[in-house]
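Topology and contacts: notes
Chain by chain, the residues run as shown.
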Amino acid sequence: TYTGFVLGQDATALETQASASTDANNNSDRGAYDIVVEGGSSANYAITRESGRLEVIWGLPVVTKIPTASTLTYGQTLLASLLTGGEASVPGTFGFSNDTLQPAVGTTTQSVTFLPQDSNNYENVTFDVNVTVTRAPQTITFNSLPDRSFGEPAFILNAVSSQGLTVSYSAAPSGIVSISGST
């Protein structure tokens, strides 16, 4: 920009125009770059050249398509869920912000971060996706029950849950069999 002209004159009053240059270009990394002003002459004006600095800052990628999370089974961490179909304005990867989290059964909102491949020049972008968690399958295994006759002493029931849960016992109809704890 030129300032200080008089008598309604403008930059056309200069015999040669000044030019500015910098080492920065469209592929430059973040950082500060000198701007050097050279040239410019006029018979009517004293020209003062002021150089400057150009600051190249972080770029902010645009996530153009939010990825979809695959369904988890209760007990799995977010690391087991695949994020597919996501797209962004620059190359990079999508990942859960806390991939060690074990969400509860149902649909929950979880934080995802887009990590640009060029981490020197682009910021990470964080957003939310829905993750569905289904119930874990459970099997209860009994040892074989021995044949018993009425009046024989009590015996111990031994059942194990595949999920490590406590197994409780009940009998129906009441009055024929009685259960106390695991006997």
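Attention in this report is confined to the structure presented alongside it. (Residues numbered from 1 in each chain as written. Predicted model: local features only at pLDDT ≥ 70, side-chain atom pairs only at ≥ 80, totals over all residues. Heavy atoms only, no water.)

**Thoughts on a nonpolar patch on the surface**
- Together, Ile176, Val177 and Ile179 line one region of the surface with nonpolar side chains, adding up to about 270 Å² of accessible area.
- Structurally, Ile176 can be placed in the segment after β13 (159-161). (Patch = residues over 30% accessible without salt bridge, like charges linked within 9 Å, V, L, I, M, F, W, Y side chains within 5 Å. Areas by Shrake-Rupley, 256 points an atom, 1.4 Å probe, with all protein chains shown as cover. Salt bridge = Lys/Arg side-chain N within 4 Å of Asp/Glu carboxyl O. Helix = DSSP H or I, 4+ residues; strand = E, 2+ residues; numbered from the N terminus.)

**Side note on the pattern of salt bridges**
- Evaluated as defined, the whole model comprises two salt bridges.
- Residues Arg53 and Asp34 are paired through a salt bridge, measuring 2.5 Å at the closest nitrogen-oxygen approach. You can see Arg53 sitting in strand β3 (residues 52-56) and its partner Asp34 sitting in strand β2 (residues 31-41), a full 19 residues away along the chain.
- Arg53 gets classed as exposed once you look at its relative accessible area, which sits at 55%.
- Note that Glu152 is salt-bridged to Arg148, the shortest N-O span being 3.5 Å.
- Look at Glu152 and you get partly exposed, because its relative accessible area is 37%.
- Among the residues examined, Arg148 registers a relative accessible area of 36% and is labelled partly exposed. (Buried < 20%, exposed > 50% of the residue type's maximum accessible area, 1.4 Å probe, protein only.)

**Section: the nonpolar core**
- Of all hydrophobic cores here, the largest spans 13 residues; its most connected members are Phe96, Phe114, Phe127, Val129 and Val131.
- Among the elements of the structure, β10 (106-116) and β11 (125-134) are those that each provide at least two residues to this core.
- Excluding its chain neighbours within four sequence positions, the residues that come into contact with Phe114 are Pro61, Val63, Ala88, Val90, Pro91, Gly92, Thr93, Phe94, Asn124, Val125 and Phe127. (Core = buried A, V, L, I, M, F, W, Y, C linked by side-chain atoms within 4.5 Å. Contact = heavy atoms within 4.5 Å.)

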